[in-house]
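The chain contents come next:
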Amino acid sequence: MPRPRDHQPLPIPTMHRPLRETDDTAAAYDADYYLWLQATRGKLARRDFASVDLTHLLEEIDDLSRREKRKLKNLLRQLLAHLLKLEYWVEEAPRSGNHWRAEVASFRQQIRDELDDSPSLRVYLNDIYEACYTDARDIAAARSQQPLSAFPKRPQLPLEQVLDPLSS
C-alpha cells in the first residue's frame, strides 16, 4: 500500500549511531569517508593539528598524487593512440578521421589543463612518453587489427610537437 505523501520517509535502520565530526577521525575514515574528509578539513581550518588523522591524511595525499599522474598518463596514451590511427589506419580515416581529430584536440586540451594546474607534472610527462607511446602502439594495432609492425617502434615526433595544437 503506498504511503501518504505527508509522511516522512522511514529511517534506514543502522547498526551504529551516525558519526559526528567530533568523533575520532581515524574511525570515521573507515566508517564514513565523506565525514572524515569534512572533519579533517575542519580541524585543519581551525589549526587543530594535534587531532588530525595524519596517517590517513598522508595516504590520501599520496593517492591524489598517484591519481593525477594516472590521469595524465591515460590522456597521453589516448592522444598517442589517436595520432597513430590518424597516420597509419588509412582505410578507416575517411569514416573516422574527423572523430579522431576531435579526440586529439580534446586530449591535448585536457593535458594542457592538467599541466596548467600542475606544471611540475611536465617532467613526469617527459619520463613516461616512450612507455605511453608503446602502449598507444599496442592500442592502435589492436583497434585497427593491423600488425604491430605497421606502426613505428619509437615515437616519430618529440613530445612538444605531439602536444602542440597546431600539429596534425
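Whatever comes next refers back to the structure up there.
All values reported here derive from a predicted model rather than from experimental measurement. (Residues numbered from 1 in each chain as written. Predicted model: local features only at pLDDT ≥ 70, side-chain atom pairs only at ≥ 80, totals over all residues. Heavy atoms only, no water.)

A look at the packing of aromatic side chains
Turning to step 1, where the next piece is worked out: In this structure the tally under the stated criterion is five aromatic pairs.
Turning to step 2, where the next piece is worked out: Ring geometry for Tyr33 versus Trp36: centroids 6.0 Å apart, planes at 20°, classification stacked. Residue Tyr33 and its partner Trp36 are both found in helix H2 (residues 33–45); the two are separated by three residues, about one turn of the helix.
Turning to step 3, where the next piece is worked out: Under the relative-accessibility criterion, Trp36 is labelled buried at 0%.
Turning to step 4, where the next piece is worked out: Relative to Trp100, the ring of Trp89 has its centre 5.4 Å away and its plane inclined at 25°; by these criteria the two rings are stacked. With Trp89 in the loop between helix H3 (54–88) and helix H4 (93–117) and Trp100 in helix H4, the pair connects residues that are 11 residues apart, well separated along the chain. Trp100 shares its class with Trp89; the two are buried.
Turning to step 5, where the next piece is worked out: Feature note: the residues Tyr29, Tyr33 and Trp36 constitute an aromatic cluster, connected by ring pairs. (Phe/Tyr/Trp six-rings, centres within 6.5 Å; stacked < 30°, edge-to-face > 60°. Helix = DSSP H or I, 4+ residues; strand = E, 2+ residues; numbered from the N terminus. Buried < 20%, exposed > 50% of the residue type's maximum accessible area, 1.4 Å probe, protein only.)

Digging into the nonpolar core
Turning to step 1, where the next piece is worked out: Leu72, Leu76, Leu79, Leu80, Ile111 and Leu125 are the most contacted members of the largest nonpolar core, which totals 29 residues.
Turning to step 2, where the next piece is worked out: When residues of this core are traced back to their parent elements, those giving at least two are H3, H4, helix H5 (121–144) and helix H6 (159–163).
Turning to step 3, where the next piece is worked out: Looking at this core element by element, the count peaks at 10 residues for H5.
Turning to step 4, where the next piece is worked out: Core analysis: the second largest hydrophobic core is formed by five residues, Ala28, Tyr29, Val52 and Leu57 among them. (Core = buried A, V, L, I, M, F, W, Y, C linked by side-chain atoms within 4.5 Å.)

Points about the packing of H3 against H4
Turning to step 1, where the next piece is worked out: Across the interface, H3 lies against H4 with an axial gap of 9 Å and an inter-helix angle of 150°. The angle between H3 and H4 places the two elements in the roughly antiparallel class. Handedness of the crossing formed by H3 with H4: left-handed. Facing H3, whose interface residues are Glu68, Lys71, Leu72, Leu75, Leu76, Gln78, Leu79, His82, Leu83, Lys85 and Leu86, H4 presents Gly97, Trp100, Arg101, Glu103, Val104, Phe107, Arg108, Gln110, Ile111, Glu114 and Leu115. (Axes fitted to C-alpha atoms, helices over the stretch in contact; angles between N-to-C directions. Parallel < 35°, antiparallel > 145°, perpendicular 65-115°, else oblique. Left-handed = near helix turned anticlockwise from the far one by under 90°. Contact = heavy atoms within 4.5 Å.)

Structural notes on unusual backbone geometry
Turning to step 1, where the next piece is worked out: Phi is positive for Arg47, close to 60°, though the residue is something other than glycine.
Turning to step 2, where the next piece is worked out: Residue class for Arg47 comes out exposed when judged on its relative accessible area of 64%.
Turning to step 3, where the next piece is worked out: Here Gln145, not a glycine, exhibits a phi torsion of approximately 60°, which is positive.
Turning to step 4, where the next piece is worked out: Secondary-structure assignment places Gln145 in the loop between H5 and H6.

Concerning the layout of surface pockets
Turning to step 1, where the next piece is worked out: Within this model, the largest pocket holds a volume of roughly 310 Å³.
Turning to step 2, where the next piece is worked out: Lining the largest pocket are 17 residues, and of these Leu83, Leu84, Glu87, Tyr88 and Leu157 sit closest to its centre.
Turning to step 3, where the next piece is worked out: Secondary-structure elements contributing two or more residues to the lining of the largest pocket are H3, H5 and H6.
Turning to step 4, where the next piece is worked out: Its residues assigned to classes, the lining of the largest pocket comprises 11 nonpolar, four polar and two charged. (1 Å grid on protein atoms, 1.4 Å probe; cavity = no way out; pocket = protein on both sides within 12 Å on 5 of 7 lines; lining within 4 Å. Points joined across faces, edges and corners; volume = space filled by probe spheres on them. Nonpolar A, V, L, I, M, F, W, Y, C, P; charged D, E, K, R; others polar.)

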